[in-house]
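Each chain, letter by letter, is given below.
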Amino acid sequence: MLIKFAIKDFEMDRELKNLSQVTITGYVRTLKEFQGFCAARSILDTFDVTASTIKSYLLHCKNDRGNNPT
């Protein structure tokens, strides 16, 4: 499944679970940032996302964006 469709499925699932729109918007924003990170590395499908991809993204957030490691 393409990451962009997985994000949409996730968003709809959160709406069905009655999460607040503010919470859903925050989740979607973060997932779209991750999608952009993956696209820059030619990763478009969820099946191509590995633990290494996620670790690289977290390091990118910490080192390049200055996010708190937690």
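Residues numbered from 1 in each chain as written. Predicted model: local features only at pLDDT ≥ 70, side-chain atom pairs only at ≥ 80, totals over all residues. Heavy atoms only, no water.

**Student:** I'm lost on the state of the cysteines in this one. Help?
**Tutor:** In total, this model carries zero disulfides according to the counting rule given. Here Cys-38 is not disulfide-linked; the sulfur of Cys-61 is the nearest cysteine sulfur, at 11 Å. Look at Cys-61 and you get buried, because its relative accessible area is 10%. (Disulfide = S-S within 2.5 Å. Buried < 20%, exposed > 50% of the residue type's maximum accessible area, 1.4 Å probe, protein only.)

**Student:** What is the right way to look at the confidence of the model for the protein in this model?
**Tutor:** Note that predicted coordinates carrying low pLDDT should not be read in detail. Mean pLDDT over the protein works out to 95, with 100% of the residues at or above the 70 mark. Ranking the helices and strands of the protein by mean pLDDT puts helix H1 (residues 3-16) first, with 98, and helix H3 (residues 51-63) last, with 95. (pLDDT = per-residue confidence, 0-100. Helix = DSSP H or I, 4+ residues; strand = E, 2+ residues; numbered from the N terminus.)

**Student:** Explain the nonpolar core here, please?
**Tutor:** Among soluble globular proteins, nonpolar side chains are generally buried collectively. If you look at the biggest cluster of nonpolar residues, it comprises 10 residues: Ile-3, Ile-7, Ile-24, Val-28, Phe-34, Phe-37, Cys-38, Ile-43, Tyr-57 and Cys-61. When contributions to this core are tallied by element, the ones reaching two or more residues are H1, helix H2 (21-40) and H3. It is H2 that provides the largest number of residues to this core, a total of five residues. Beyond its immediate stretch of four places on either side in the chain, Phe-34 contacts Val-49, Thr-53, Ile-54 and Tyr-57. (Core = buried A, V, L, I, M, F, W, Y, C linked by side-chain atoms within 4.5 Å. Contact = heavy atoms within 4.5 Å.)

**Student:** Honestly, the packing of aromatic side chains in this entry has me stumped. Any pointers?
**Tutor:** Each pair of aromatic rings is reported with the distance of its centres and the angle of its planes. Under the criterion given, the structure shown has three aromatic pairs. One aromatic cluster is present, built from ring pairs that chain together Phe-34, Phe-37 and Tyr-57. The cationic tip of Arg-41 hangs over the ring face of Phe-37; the distance from NZ or CZ to the ring centre is 3.6 Å. (Phe/Tyr/Trp six-rings, centres within 6.5 Å; stacked < 30°, edge-to-face > 60°. Lys NZ or Arg CZ within 6 Å of the ring centre and 35° of its normal.)

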